[in-house]
Amino acid sequence: MSMLLQVHPENPQPRQIKMIVETLQRGGVIIYPTDTIYGLGCDIFQHRAIEKICRLKKVDPHKAQLSFICYDLSHLSDFSKQLSRTTYRLLKEYLPGPYTFILPASKQVPKILQSKKETIGLRVPNNKIALAILKELDHPILSASLPGEAVEDYTDPEIIYENFSNEVDVVVDGGIGGTVPSTIIDCTKDEPVLIRQGAGEWTA
């Protein structure tokens with residue numbers, strides 16, 4: 001039976017965070033708040049959970065443009081190839097924040113998530129609940145947008161729970177979410193390229 005779990009947005013309760021992390025470690029799927037919209041998440045090392053998210057999204061794991069959310073930039077070196085100094089400075093300037101950076105993936109990205117493009121989307125959200133989950137888990141979680149187009153249905157955790165209680169293990173209620181997704185920047189070429197203008201300002 002899935003649950004709707006209320007977590008304080010400014011001071012996430014350690015007990016609640018522990019419950020969420022235990023769910024992830026058991027291969028569970030969660031819906032959780034970020035600094036943009038609510039997202040679907042799972043532990044990146046739990047293959048079944050990744051497959052479940054891909055089924056929900058109706059996408060092939062190898063073709064899906066799924067992102068990792070990380071606690072800080074120290075995780076980047078694990079899952080992306082060595083970055084140029086310019087790219088690293090760029091990430092440091094914009095993260096944490098409402099941005100997803102497309103980077104060349106390293107071999108440590110779980111096989112199920114290695115795409116033919118050999119890239120990975122990475123983000124560090126400026127959201128205390130998401131960061132508390134990541135810190136307790138101690139490695140990134142997979143991040144995907146909720147399936148469907150009706151973004152306005154995805155701001156209220158209670159409505160999200162009504163819609164997805166049969167599909168996920170925990171809906172984390174961190175208050176009303178946003179409606180604008182992250183800004184996506186491709187950093188795989190010499191110059192960063194704006195792929196999608198979202199919640200984050202981009203003037204580079």
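Rules used in this analysis
- Residues numbered from 1 in each chain as written.
- Predicted model: local features only at pLDDT ≥ 70, side-chain atom pairs only at ≥ 80, totals over all residues.
- Heavy atoms only, no water.
- Helix = DSSP H or I, 4+ residues; strand = E, 2+ residues; numbered from the N terminus.
- Rg over C-alpha atoms; globule rule 2.2 N^0.38 Å.
- Buried < 20%, exposed > 50% of the residue type's maximum accessible area, 1.4 Å probe, protein only.
- Contact = heavy atoms within 4.5 Å.
- Areas by Shrake-Rupley, 256 points an atom, 1.4 Å probe, with all protein chains shown as cover.
- Polar contact = N/O pair within 3.5 Å; in protein donor to acceptor, adjacent residues only side chain to side chain.
- Phe/Tyr/Trp six-rings, centres within 6.5 Å; stacked < 30°, edge-to-face > 60°.
- Salt bridge = Lys/Arg side-chain N within 4 Å of Asp/Glu carboxyl O.
- Pairing = 2+ DSSP bridges.
- Axes fitted to C-alpha atoms, helices over the stretch in contact; angles between N-to-C directions.
- 1 Å grid on protein atoms, 1.4 Å probe; cavity = no way out; pocket = protein on both sides within 12 Å on 5 of 7 lines; lining within 4 Å.
- Points joined across faces, edges and corners; volume = space filled by probe spheres on them.
- Nonpolar A, V, L, I, M, F, W, Y, C, P; charged D, E, K, R; others polar.

A.B. asks: Mind laying out the overall build of the protein, listing which residues take part and the relevant values?
C.D. replies: In terms of helices and strands, the protein carries six helices and ten strands. Whereas a compact globule of 204 residues would reach a radius of gyration of roughly 17 Å, the protein reaches 16 Å, a difference of no more than 12%. The dimensions of the protein, computed from C-alpha atoms along their principal axes, are 45 × 30 × 30 Å. Looking at the protein residue by residue over its 204 residues, the buried ones come to 52%. Look at the contacts in the protein between residues 6 or more apart in sequence, and 65% of them connect residues 24 or more apart. Here the protein has roughly 10500 Å² of accessible surface; of this, 48% comes from carbon and sulfur atoms.

A.B. asks: Describe the side chain of Thr-34, listing the residues and the values that go with them.
C.D. replies: Tracing the backbone through its elements, the reader meets Thr-34 in the loop between β2 (30-32) and β3 (39-43). Its relative accessible area of 9% is what places Thr-34 among the buried residues. A distance of 2.9 Å separates the side chain of Thr-34 from the backbone nitrogen of Thr-36, its partner in a polar contact. Ignoring anything within four residues of it in the chain, the contact list for Thr-34 reads Arg-123, Pro-125 and Asn-127.

A.B. asks: Please give an account of the packing of aromatic side chains that cites residues and values.
C.D. replies: Overall, the coordinates contain seven aromatic pairs when judged by the stated rule. Three or more aromatic residues joined by ring pairs form one cluster here, namely Tyr-94, Tyr-99, Phe-101 and Trp-202.

A.B. asks: Tell me about the pattern of salt bridges, residues and numbers included.
C.D. replies: Following the criterion strictly, the structure yields three salt bridges and no others. Glu-10 serves as the salt-bridge partner of Lys-128, at 2.8 Å between the closest nitrogen and oxygen. In this pair, Lys-128 sits in helix α5 (residues 128-137) while Glu-10 sits in the loop between β1 (3-6) and α1 (14-25), placing the two residues 118 residues apart along the sequence. The class of Lys-128 is partly exposed, set by a relative accessible area of 44%. Relative accessible area serves as the criterion here: at 46%, Glu-10 is assigned to the partly exposed category. The salt bridge involving Asp-35 is made with Arg-123; its shortest N-O contact spans 2.4 Å. In this pair, Asp-35 is assigned in the loop between β2 and β3 and Arg-123 in strand β6 (residues 119-123), connecting sequence segments 88 residues apart.

A.B. asks: Which residues make up the sheet that holds strand β4 (residues 67-69), and what values do they have?
C.D. replies: An order of β1-β8-β2-β3-β7-β4-β6-β5-β9-β10 is seen for the ten strands of this open sheet, with the pairing classed as mixed. Looking along the sheet, the strands with just one partner apiece sit at the ends: β1 and β10 (193-196). In this sheet, adjacent strand axes meet at a mean angle of 35° when their direction is disregarded. Of the pairings in the sheet, the one linking β4 to strand β7 (residues 141-145) comprises three bridges and is antiparallel in character. Across the sheet, residue Ser-67 finds its bridge partner in β7, namely Ser-143. Those strands touched by α1 are β1, β2, β3, β7 and β8 (170-173), and its axis lies near 145° from that of β1.

A.B. asks: Lay out the layout of surface pockets in plain terms, naming residues and giving numbers.
C.D. replies: Of the voids in this model, the largest pocket is the one considered here, and its volume is about 760 Å³. Tallying contributions element by element places β6 first for the lining of the largest pocket, with four residues. Its residues placed into classes, the lining of the largest pocket shows 17 nonpolar, 13 polar and seven charged. The volume enclosed by the second largest pocket comes to roughly 260 Å³. For the second largest pocket, the lining is made up of 15 residues, of which Ser-84, Thr-87, Cys-187, Lys-189 and Asp-190 are closest to its centre. A total of five residues in the lining of the second largest pocket trace back to one element, the largest contributor, which is helix α4 (residues 85-94).

A.B. asks: Which residues make up the environment of Val-59, and what values do they have?
C.D. replies: Take Val-59: it is sitting in the loop between α2 (47-57) and β4. Taking the relative accessible area as the measure of exposure, Val-59 reaches 33% and is therefore partly exposed.

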